[in-house]
Amino acid sequence: MSTSNGYSVIYRGDYVGYIHASLGDRWNTYRRRVGAPDDHLGRFGQEEAVRRIVRAVSTAGGTVAAS
């Protein structure tokens, strides 16, 4: 847990995103992007938030910097 009441998401050994508490049982969900602003994916329950980050990274081919 971080100081912002959040968690880092590690997938296949890489730091790929993070979630932090929102309202109720919702979590703000971000996919990390190297060299570009992180993508806000929305607000979800905790497990769904992690799934969304992994799905975004899997379909994007990893944490690739924007061209």
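Going by the structure above, here's the rest.
So, here is what we can say about the structure in this document. Because the structure is a prediction, the values reported are computed rather than measured.

With respect to the nonpolar core
Then, number 1: Of all hydrophobic cores here, the largest spans eight residues; its members are V9, V16, I19, W27, F44, A49, I53 and V57.
Then, number 2: Breaking this core down by element, the ones donating at least two residues are β2 (14–21) and α1 (46–60).
Then, number 3: Looking at which element gives the most residues to this core, the answer is α1, with three residues.
Then, number 4: When residues no more than four places from it in sequence are discounted, the contact partners of I19 are G6, Y7, W27, N28, T29, Q46, A49, V50 and I53.

Brief notes about unusual backbone geometry
Then, number 1: Positioned with a positive phi, R12 is a non-glycine residue whose angle comes to about 55°.
Then, number 2: Within the fold, R12 resides in the loop between β1 (6–11) and β2.

Structural notes on the side chain of T29
Then, number 1: By secondary structure assignment, the location of T29 is in strand β3 (residues 27–31).
Then, number 2: Residue T29 is classed as buried on the basis of its relative accessible area of 0%.
Then, number 3: Looking at T29, its side chain comes within polar contact range of the main-chain oxygen of W27, at 3.1 Å.
Then, number 4: Discounting residues that sit within four places of it in the chain, T29 has contacts with Y18, I19, D39, H40, L41, G42, F44, A49, R52 and I53.

A look at the pairing of β2
Then, number 1: Note that β1 and β2 share six bridges and pair antiparallel. Paired with V9 across the two strands is G17, which belongs to β2.
Then, number 2: Hairpin connection of β1 to β2: two residues between the antiparallel strands, including R12 at a positive phi of 55°.
Then, number 3: Bridging between β2 and β3 involves five bridges; their strand directions are antiparallel. Bridge pairing links H20 to N28 in β3.
Then, number 4: Hairpin connection, β2 to β3: the antiparallel pair is bridged by five residues, and G24 has positive phi, about 60°.

Brief notes about the sheet that holds β2
Whether parallel or antiparallel, the strands of a sheet pair through hydrogen bonds between backbone atoms.
Then, number 1: The strand order across the open sheet formed by four strands is β1-β2-β3-β4, and the pairing between neighbours is antiparallel. A strand with exactly one partner marks an edge of an open sheet, and here the two such strands are β1 and β4 (39–44). On average, each strand axis in the sheet is inclined to that of its neighbour by 25°, with strand direction left out of account.
Then, number 2: On top of the sheet, α1 reaches β1, β2, β3 and β4; it is set at about 15° to β3, its chief contact.

Rules of the game
Residues numbered from 1 in each chain as written. Predicted model: local features only at pLDDT ≥ 70, side-chain atom pairs only at ≥ 80, totals over all residues. Heavy atoms only, no water. Core = buried A, V, L, I, M, F, W, Y, C linked by side-chain atoms within 4.5 Å. Buried < 20%, exposed > 50% of the residue type's maximum accessible area, 1.4 Å probe, protein only. Helix = DSSP H or I, 4+ residues; strand = E, 2+ residues; numbered from the N terminus. Contact = heavy atoms within 4.5 Å. Polar contact = N/O pair within 3.5 Å; in protein donor to acceptor, adjacent residues only side chain to side chain. Pairing = 2+ DSSP bridges. Axes fitted to C-alpha atoms, helices over the stretch in contact; angles between N-to-C directions.

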